[in-house]
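# Structural overview
The chain contents come next:
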Amino acid sequence: MSELLTTPAPGGPVVEEERHPHEPFLRMDRIPHIWCSTCGLGTVLNCYITAIQRSSVPRADHTIVSGIGCTGRAAGYVKIDSFHTTHGRALPFATGLKLANPRLKVTVFSGDGDLVAIGGNHLIHAARRNMDMTVICVNNFNYAMTGGQFGPTTPEGAKLTTAPYGSYEHPFNIPFLVDSCGATYVARWTSLHVREMIETLVEALNHRGFSFVEVISPCPTVYARRNRLGTGLDLLKYYHDSAEVRHGADTRDVDISFKGRIIVGRFVQRCKPTYLDTMDAALGRSVGKEFVCYEGPMQASDGRS
Ligand SMILES: Cc1ncc(C[n+]2csc(CCOP(=O)(O)OP(=O)(O)O)c2C)c(N)n1
Ligand code: SF4
Ligand SMILES: [Mg+2]
């Protein structure tokens, strides 16, 4: 809901200015944004900003790191400490940030190409380490910003500029990938599932360890046009008709096929020492005394300790 501000102009009439409640969290000097009409990215950003406010982490401790791409633009729009890094390198940058200042809540907000293709190596190792950070991966099934090349998340049979007859590669099932590598919180929603996505993002932000949220999101300009899937609204209708909520689903069963059903929900939530926990313990053993660079109880986001 918007907010009406009344500004008395000196000696003149009272001017009414309409402000969006998220304005304090946006770099208004960067607006209007570059995203196309009915692209899902605005919705995901909106959910993230709401989740920041509902999380238990103070605003000053939130940081956002993005790679390059349409999704990567998010870091430039949020008014918290933000870093727009090189393509595929958001995760190592975020890791360095967390190690330099363990108090920060570091969130990587980036695209499927950035995180799973060029940055795939960094993704598996961040998950393996249970690195203390949250990753929001916006999966639009293609490299959108560069004109729609296919990649490792493109469903088999989907057409893109570099796959004019349809991709014939097996795509990654991203939740299974990060789960099998060691992620301790894994969820998936579509950009239609606003309420659920916000709840999940709050949980992910409060979680200690590597939390990963995949958001399936419309790219009407490139992916949908190439595949004649209609407008952004048509894609939301498809999500509505094809999404099946299955909390706790075995991640091996959540593959996405072209025009197929989409299993969504919170799949994994487990408690395991994080990278900083194991680093503290190892350094403590080396120097012969307790070494704590990050204070706080060992706790999963569902409150289990
Ligand atoms: C090292 C490097 N390689 C390639 C590029 C070109 N490039 C820019 S954005 C992009 C794809 C982004 O895809 P994705 O991460 O899925 O984001 P989307 O645009 O789909 O949101 C590529 C290949 C680059 N900028 N830097
Ligand atoms: S090209 Fe696709 S992902 Fe990029 S802003 Fe446009 S609709 Fe969104
Ligand atoms: Mg993409």
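Residues numbered from 1 in each chain as written. Chains lettered and ligands numbered in written order. Predicted model: local features only at pLDDT ≥ 70, side-chain atom pairs only at ≥ 80, totals over all residues.

One open sheet accounts for eight strands, arranged β4-β3-β5-β6-β8-β7-β10-β9; its pairing is mixed. Edge positions in the open sheet fall to β4 (81–84) and β9 (243–245), since each of these has one partner strand only. Adjacent strand axes in the sheet meet at a mean angle of 20°, parallel and antiparallel pairs treated alike. Relative to strand β8 (residues 210–216), strand β7 (residues 185–190) runs parallel, the two being bridged by six bridges. (Pairing = 2+ DSSP bridges. Helix = DSSP H or I, 4+ residues; strand = E, 2+ residues; numbered from the N terminus. Axes fitted to C-alpha atoms, helices over the stretch in contact; angles between N-to-C directions.)

Bringing the site of ligand 1 into the picture now. In the vicinity of ligand 1 there are 16 residues, among which G69, H87, G111, G113 and A144 approach most closely. Per-element accounting of the shell around ligand 1 gives the leading share, three residues, to helix α4 (residues 112–118). Here the shell around ligand 1 is built from residues that sort into five nonpolar, nine polar and two charged. (Near = placed C-beta within 6 Å. Nonpolar A, V, L, I, M, F, W, Y, C, P; charged D, E, K, R; others polar.)

A word on the nonpolar core. One finds V44, Y48, V108, I136, L201, F212 and V215 to be the most contacted residues of the largest nonpolar core, which totals 75 residues. Sort the elements by how many residues they give to this core and helix α1 (residues 41–54) lands first, with eight residues. Dropping the residues within four chain positions of it, I136 is found in contact with V44, Y48, T107, F109, V213 and V215. (Core = buried A, V, L, I, M, F, W, Y, C linked by C-beta atoms within 7 Å. Buried ≥ 20, exposed ≤ 12 C-beta atoms within 10 Å, placed from the backbone. Contact = placed C-beta atoms within 7 Å.)

Right, let's talk about the UniProt feature "domain: Thiamine pyrophosphate enzyme TPP-binding" (unreviewed entry) in the protein for a bit. Per the UniProt annotation, the sites labelled "domain: Thiamine pyrophosphate enzyme TPP-binding" (unreviewed entry) are residues 72–215. For residues 72–215, the helix share is 36%, the strand share is 21%, and the end-to-end C-alpha distance is 14 Å. (UniProt positions renumbered as here; feature names shortened; annotations may be inferred.)

Interpretation of the predicted coordinates at a detailed level should be avoided for regions scoring low in pLDDT. The pLDDT averaged across the protein works out to 92; a share of 92% of its residues lies at or above 70. Of the regions scoring below 50 in pLDDT, residues 295–305 engages in 17 contacts with residues more than four places distant in sequence or in other chains. (pLDDT = per-residue confidence, 0-100.)

This paragraph deals with the environment of E203. Within the fold, E203 resides in helix α7 (residues 194–206). For E203, a count of 21 C-beta atoms within 10 Å gives the class buried. In the structure, E203 is positioned 66 residues away from Q269 in sequence and 9.7 Å away in space, judged by C-alpha atoms.

The omega torsion of the bond from I31 to P32 falls at 10°, within 30 degrees of zero and hence cis. Inspection of the secondary structure puts P32 in the loop between β2 (14–19) and α1. The phi angle at N130 is positive, at roughly 50°, despite the residue not being glycine. Inspection of the secondary structure assignment puts N130 in the loop between α5 (120–128) and β6 (133–139). Positive phi outside glycine occurs at K259, with the angle close to 60°. For K259, a count of 12 C-beta atoms within 10 Å corresponds to the exposed category.

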